[in-house]
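These are the residues of each chain, in order.
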Amino acid sequence: MIVSTSLQTHSIPTYAVIETPAAGEFLATVLGWPNVQTRGGSRQEVLAKLQALVTERLTQVELIPLALQIPDSPQGHPWLEFPGVYQHDEQFDAVMAEVAAYRASQDPGAGLV
């Protein structure tokens, strides 16, 4: 998606969700922007309308990247108590081999790169 302003042109990666609620009807929404939506008779029509709506909407707003600082939990990360819990378990390797064999039997192509 390309957005033009009087100052610059920016390419903003996003996704359009296109639905077909009825035969010959298309509904397009910008993913994450449920109030930016349009209807039309073809896929191309709704995409063009959606582009126009987004361009119009972005001329009225300012997009600013926002990095949120999330404080650490006072208890620490809840999963940090588990690493190494089985390091002295004699059956751990056998259990992991069984898990790997089961996964391979369910999806023989998994693990192939």
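Residues numbered from 1 in each chain as written. Predicted model: local features only at pLDDT ≥ 70, side-chain atom pairs only at ≥ 80, totals over all residues. Heavy atoms only, no water.

## Things to note about the pattern of salt bridges
For step 1, the next point in the chain: Across all of its chains, the model carries two salt bridges by this definition.
For step 2, the next point in the chain: Across the salt bridge formed by R39 and E25, the nearest N and O atoms sit 2.6 Å from each other. With R39 in strand β5 (residues 33-40) and E25 in strand β4 (residues 25-30), the pair connects residues that are 14 residues apart, well separated along the chain.
For step 3, the next point in the chain: Between K49 and E45 there is a salt bridge, with the nearest N and O atoms lying 3.2 Å from each other. In this pair, K49 and E45 both sit in helix α1 (residues 43-58), four residues apart, roughly one turn of the helix.
For step 4, the next point in the chain: What makes E45 partly exposed here is its relative accessible area of 33%. (Salt bridge = Lys/Arg side-chain N within 4 Å of Asp/Glu carboxyl O. Helix = DSSP H or I, 4+ residues; strand = E, 2+ residues; numbered from the N terminus. Buried < 20%, exposed > 50% of the residue type's maximum accessible area, 1.4 Å probe, protein only.)

## Digging into the environment of G24
For step 1, the next point in the chain: Looking at the secondary structure, you find G24 in the loop between β3 (16-22) and β4.
For step 2, the next point in the chain: The spacing of G24 and R43 is 19 residues in sequence and 9.6 Å in space, taken between C-alpha atoms.
For step 3, the next point in the chain: Excluding anything up to four places from it in sequence, G24 contacts G40 and G41. (Contact = heavy atoms within 4.5 Å.)

## A short note on the packing of aromatic side chains
For step 1, the next point in the chain: This structure, assessed with the given rule, holds one aromatic pair.
For step 2, the next point in the chain: On the numbers, 6.0 Å between centres and 15 degrees between planes, the contact of Y86 with F92 is stacked.
For step 3, the next point in the chain: Judged by relative accessible area, F92 falls into the partly exposed class, the value being 33%.
For step 4, the next point in the chain: Stacked on the ring of W33, the Lys or Arg R57 has its end atom at 5.8 Å from the ring centre. (Phe/Tyr/Trp six-rings, centres within 6.5 Å; stacked < 30°, edge-to-face > 60°. Lys NZ or Arg CZ within 6 Å of the ring centre and 35° of its normal.)

## Some words on the pairing of β3
For step 1, the next point in the chain: Direction of pairing for β3 relative to β4: antiparallel, over a ladder of five bridges. The residue of β4 that forms the bridge with I18 is A28. (Pairing = 2+ DSSP bridges.)

## A look at the sheet that holds β4
For step 1, the next point in the chain: Strand order in the open sheet formed by three strands is β3-β4-β5, and the pairing between neighbours is antiparallel. Sheet topology places β3 and β5 at the edges, where each strand pairs with a single neighbour. Neighbouring strand axes in the sheet, compared pairwise and without regard to direction, differ in orientation by 25 degrees on average.
For step 2, the next point in the chain: Here β4 pairs with β5 via five bridges, running antiparallel. Across the sheet, residue A28 finds its bridge partner in β5, namely T38.
For step 3, the next point in the chain: In the packing of α1 onto the sheet, the strands contacted are β3, β4 and β5, and the crossing angle to β5 comes to about 140 degrees. (Axes fitted to C-alpha atoms, helices over the stretch in contact; angles between N-to-C directions.)

The analysis is restricted to geometry; functional conclusions fall outside its scope.
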